[in-house]
Amino acid sequence: MDFNFRKKMIDDLFVSVGQTVGVQVFVIIFERALWKTELNYEEADLIHVSEAGVELQELSKIAPDRAVLVLTEFLNNIVNTLVQLIGKQVVKQLTEELGDFMIEENS
């Protein structure tokens, strides 16, 4: 999976889950996932979350391989946060509808 696929997954999650729980709630979920990502990747501060969506354009300032790692961590944190809030089965159904995205288990 490449950068564009991950960007599309984030955009699709934002829209589909945002419609379900409300955009303001989903922004909070994304901000929490971003905070957790920043703990491992300082470059995550290049990601901007708002009610309009997720802006990833500034990630082009870093090496493409590193940007993919940051996005992967961000996606995993979004999914793991959703699992904690609404349950694994519901999140699995949402992500299956969006594509082949694996839900990582929390250790």
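Residues numbered from 1 in each chain as written. Predicted model: local features only at pLDDT ≥ 70, side-chain atom pairs only at ≥ 80, totals over all residues. Heavy atoms only, no water.

### Description of the overall build of the protein chain
Point 1. A tally of helices and strands in the protein chain yields four helices and two strands.
Point 2. Listed N to C, the secondary structure of the protein chain is α-α-β-β-α-α in terms of helices and strands.
Point 3. Counting every position in the protein chain, which comprises 107 residues, the buried fraction comes to 41%.
Point 4. In the protein chain, 60% of the contacts between residues at least 6 apart in sequence involve partners at least 24 apart.
Point 5. Carbon and sulfur atoms make up 52% of the accessible area of the protein chain, which totals about 6200 Å². (Helix = DSSP H or I, 4+ residues; strand = E, 2+ residues; numbered from the N terminus. Buried < 20%, exposed > 50% of the residue type's maximum accessible area, 1.4 Å probe, protein only. Contact = heavy atoms within 4.5 Å. Areas by Shrake-Rupley, 256 points an atom, 1.4 Å probe, with all protein chains shown as cover.)

### Looking at the packing of aromatic side chains
The geometry of an aromatic ring pair comes down to the distance between the two centres and the angle between the two planes.
Point 1. If you walk through the whole model with that rule in mind, you get two aromatic pairs.
Point 2. Here the aromatic rings of Phe30 and Phe74 are separated by 5.8 Å at their centres, their planes lie at 85°, and the arrangement is edge-to-face. One end of the pair, Phe30, is in helix H2 (residues 23-40); the other, Phe74, is in helix H3 (residues 64-86), and 44 residues separate them in sequence. No difference in accessibility class separates Phe30 from Phe74, as the two residues are buried.
Point 3. Aromatic ring contacts, followed pair by pair, group Phe26, Phe30 and Phe74 into a single cluster. (Phe/Tyr/Trp six-rings, centres within 6.5 Å; stacked < 30°, edge-to-face > 60°.)

### Description of the nonpolar core
Point 1. Among the nonpolar cores identified, the biggest contains 27 residues, and Ile10, Phe30, Ile47, Val54, Leu59, Phe74 and Ile78 are the most heavily contacted of them.
Point 2. Contributing elements (two or more residues each) for this core: helix H1 (3-21), H2 and H3.
Point 3. In terms of residue count, H3 provides more of this core than any other element does, eight residues in total.
Point 4. Not counting residues up to four positions away in its chain, the partners in contact with Ile10 are Phe30, Val54, Leu56, Leu71, Phe74, Leu75 and Ile78. (Core = buried A, V, L, I, M, F, W, Y, C linked by side-chain atoms within 4.5 Å.)

That's the geometry; what it means functionally is another story.
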